[in-house]
Amino acid sequence: MTARKPTIDDVARLSGVARATVSRVLNDGPNVSARMRARVAEAVETLGYRVNLQARFLAGGANRTVLLICASDTENEPNSYYQSALEIGALRVSARLGFELVTHTIGLDGEEVLRRVLHLVDESRCCGVILTPPFCDWPELTLALGERNAITVRISPGHPEGEGTPAVGMDDEAAGYELTRHLLRCGHRQFGFIKGLEQHLSAEKRYSGACRALAEAGLGHAAMRAVRGNFTFRAGVELLPQLIAGNATPTAIICANDDTAVGALFAAHRAGHQVPRDLSIASFDDTPVSALVWPPLTTVHQPIQEMAARAMEIIAGALGGGENGLERRPEYLPFSIVERSSVAAPPG
C-alpha cells in the first residue's frame, strides 16, 4: 500500500496548534509568534509536508494562466531549439502545478511589441509572464507589467540585477571566458567570433568574457576578429569566409550559438577545410544539433529547459506566498563545457 501523504491537519496535531495557525505560518501571515512558527516548521520538516499549490489555486479560483513571450524575426529562420526548450521546461512545471502555459511569438517592432504584449496580458488576465531576450531587457515593458500586477520573470536578461523583477539565466560572461580559456589551453592564439543580435544583451556578454580571457593571456585586440551575426545557420555560412580570409587567419572560431556554428562548419567543409585539423569551431547552448553534425561541436551547455522551469516555480511560489514569496534576486544556473571533436590543437 502507498503511504498516505501528510496533510495540514497532521501538521496541526503534531505541532499542537490550530489548523488556522498552521495556515498562517505556511502563508507567512501575521499574528504568529516566533515560537509557534518554529513548532510548525519542525512539524513540517518531521512529516515531510509539502503545500499542494494546485489544490490551493483551484480552491481560491485564481487565474492560472502564464504567458511565455518569445521574439521572432520574420526575415530569418528561427533558432532550431531555443524556444521549444523553453516551452518544454515551463510546461513540465506548469502541468505539475496546475497552470496553463500559453506561448506567444512576437516580432521585434518597438512600440508595437509593448502594445501587443500588454493587450495579451489584459485579454488573458494572466497571473504571470515569462519574458525572453530581448524583451527581458525592456524596462518599459517590465514596468507596465508590474502596474498590471502580473508576476514577471526574465529569462537571461543582460542586466539581471536591475528593474526589480526576478531573473533566471546562466552567467554568459563567465561562459564565454571559460570556453575561450579551454581553447587557449589547446594552444590557440588567433580567434574569430561570430556574434549574435546586438539587442540580445546576455549573448553579448559571451564575447566580453572571451575578450577577458584573451587579455589575461596577454593577447591584444589583434588576436580576435569579430563579425556581427543573428544566431542563424545562414550567418555562419556567410560570415566564416570573412573571418578566415587574409593574413593572421584565426585557428579557432567561436560562435554565439550552435545554429551559427553549424553554418560555420558547413562553410568550412565547403571551402575544403578539415575541422578540427585546420580549424577549430566552438559555440554555446548545447542544443541537440550540436551532437548530430560531424564533427560534433564543442559547446557550452546552457540549461535552457531548467531556466524556464525555474521561472515557472518562481511564479508559482509568488502566488502561493504572496508578495513575500517573490524572490527578486537574480538566479544563475550552472553551465558546463561539453568537449567534443570540433576542437583540437591548432595546425603546426
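- The name given to the protein chain in an unreviewed UniProt entry is LacI family DNA-binding transcriptional regulator, with the source organism recorded as Sphingomonas aracearum.

## Observations concerning the packing of helix H1 (residues 8–15) against helix H3 (residues 34–47)
Any two packed helices are characterised by how steeply their axes cross, that is the angle between the axes, and by the distance between the axes.
Link 1 in the chain: It is the contact of H1 with H3, at a shortest axis distance of 9 Å, that shows an interaxial angle of 120 degrees. When the interaxial angle is binned, H1 and H3 end up oblique. The crossing of H1 and H3 is right-handed. Between H1 and H3, the contacting residues are Asp10, Val11, Leu14 and Ser15 on the first element and Arg39, Val40, Ala43, Val44, Thr46 and Leu47 on the second.
Link 2 in the chain: Tallied by class, the residues present in the contact of H1 with H3 amount to six nonpolar, two polar and two charged.

## Considerations on the side chain of Thr251
Link 1 in the chain: Structurally, Thr251 can be placed in the loop between helix H10 (233–243) and strand E8 (252–255).
Link 2 in the chain: Non-local contacts of Thr251, meaning those with residues more than four positions away in its chain, are made with His188, Arg189, Gln190, Leu279, Ser280, Pro346 and Pro347.

## With respect to the nonpolar core
Link 1 in the chain: Counting 29 residues, the largest nonpolar core has Val66, Leu86, Phe99, Ile130, Ile155, Ile304 and Met312 as the members making the most contacts within it.
Link 2 in the chain: At the level of secondary structure, the elements contributing two or more residues to this core comprise strand E1 (65–72), helix H5 (82–97), strand E4 (151–155) and helix H13 (304–321).

## Points about the pattern of salt bridges
Link 1 in the chain: One pass over the full model with this rule turns up 14 salt bridges.
Link 2 in the chain: We note a salt bridge from Arg115 to Glu112, for which the minimum N-O separation is 2.5 Å. Linking Arg115 with Glu112, this pair stays in helix H6 (residues 111–124), spanning three residues, or about one helical turn.
Link 3 in the chain: Accessibility expressed as a relative area gives 37% for Glu112, which makes it partly exposed.
Link 4 in the chain: Two residues, Arg206 and Asp285, come together in a salt bridge whose shortest N-O distance is 3.4 Å. Of this pair, Arg206 sits in helix H9 (residues 201–216) while Asp285 sits in strand E9 (residues 280–285), placing them 79 residues apart in sequence.
Link 5 in the chain: We classify Arg206 as buried; its relative accessible area is 5%.
Link 6 in the chain: Taken together, the shared-partner salt bridges in this structure form one network comprising Arg96, Arg310, Glu313 and Glu331.

## Remarks on H3
Link 1 in the chain: With 14 residues, H3 extends 20 Å from end C-alpha to end C-alpha; this agrees with the ideal 20 Å at 1.5 Å per step.
Link 2 in the chain: Of all the positions in H3, only Val40, Ala43 and Val44 are classed as buried. Mapping the buried residues of H3 onto a view down its axis gives an arc of 100 degrees, with all of them on the same face. Seen from the open side of H3, the exposed residues pointing more than 90 degrees away from its buried face are Ala34, Arg35, Glu42, Glu45 and Thr46.
Link 3 in the chain: Check the buried side of H3 and you find it contacts H1 and helix H2 (19–26).

## Quick word on unusual backbone geometry
Link 1 in the chain: Omega for the bond connecting Val275 with Pro276 falls within 30 degrees of zero, at 10 degrees, which places this linkage in the cis form.
Link 2 in the chain: Tracing the sequence through the fold places Pro276 in the loop between helix H11 (258–270) and E9.
Link 3 in the chain: With omega at -10 degrees, the peptide bond leading from Trp294 into Pro295 counts as cis.
Link 4 in the chain: Inspection of the secondary structure puts Pro295 in the loop between helix H12 (289–292) and strand E10 (298–301).
Link 5 in the chain: Despite not being glycine, Asp285 shows a phi value in the positive range, around 110 degrees.
Link 6 in the chain: By relative accessible area, Asp285 is classed as buried at 5%.
Link 7 in the chain: Positive phi outside glycine occurs at Asp286, with the angle close to 60 degrees.
Link 8 in the chain: Along the chain, Asp286 falls in the loop between E9 and H12.

## Digging into the environment of Pro166
Link 1 in the chain: Summarising the element assignment, Pro166 is placed in the loop between E4 and strand E5 (167–169).
Link 2 in the chain: Take Pro166: its relative accessible area is 1%, and that puts it in the buried class.
Link 3 in the chain: Expressed as a C-alpha distance, the spacing of Pro166 and Ile155, which sit 11 residues apart in the sequence, is 8.9 Å.

## Notes on the packing of aromatic side chains
Link 1 in the chain: Counting across every chain of the model gives three aromatic pairs.
Link 2 in the chain: Centroid distance Phe135 to Trp138: 5.2 Å. Interplanar angle 80 degrees. Geometry classified as edge-to-face.
Link 3 in the chain: Taking relative accessible area as the criterion, Phe135 reaches 0% and is therefore assigned buried.
Link 4 in the chain: Overall, Trp138 belongs to the buried group, its relative accessible area being 18%.
Link 5 in the chain: Relative to Tyr207, the ring of Phe193 lies with its centre 5.2 Å away and its plane at 80 degrees, an arrangement referred to as edge-to-face. In this pair, Phe193 sits in strand E6 (residues 191–195) while Tyr207 sits in helix H9, placing the two residues 14 residues apart along the sequence.

Conventions adopted
Residues numbered from 1 in each chain as written. Predicted model: local features only at pLDDT ≥ 70, side-chain atom pairs only at ≥ 80, totals over all residues. Heavy atoms only, no water. Axes fitted to C-alpha atoms, helices over the stretch in contact; angles between N-to-C directions. Helix = DSSP H or I, 4+ residues; strand = E, 2+ residues; numbered from the N terminus. Parallel < 35°, antiparallel > 145°, perpendicular 65-115°, else oblique. Left-handed = near helix turned anticlockwise from the far one by under 90°. Contact = heavy atoms within 4.5 Å. Nonpolar A, V, L, I, M, F, W, Y, C, P; charged D, E, K, R; others polar. Core = buried A, V, L, I, M, F, W, Y, C linked by side-chain atoms within 4.5 Å. Buried < 20%, exposed > 50% of the residue type's maximum accessible area, 1.4 Å probe, protein only. Salt bridge = Lys/Arg side-chain N within 4 Å of Asp/Glu carboxyl O. Expected span 1.5 Å × (residues − 1). Arc of directions from axis to C-beta. Phe/Tyr/Trp six-rings, centres within 6.5 Å; stacked < 30°, edge-to-face > 60°.

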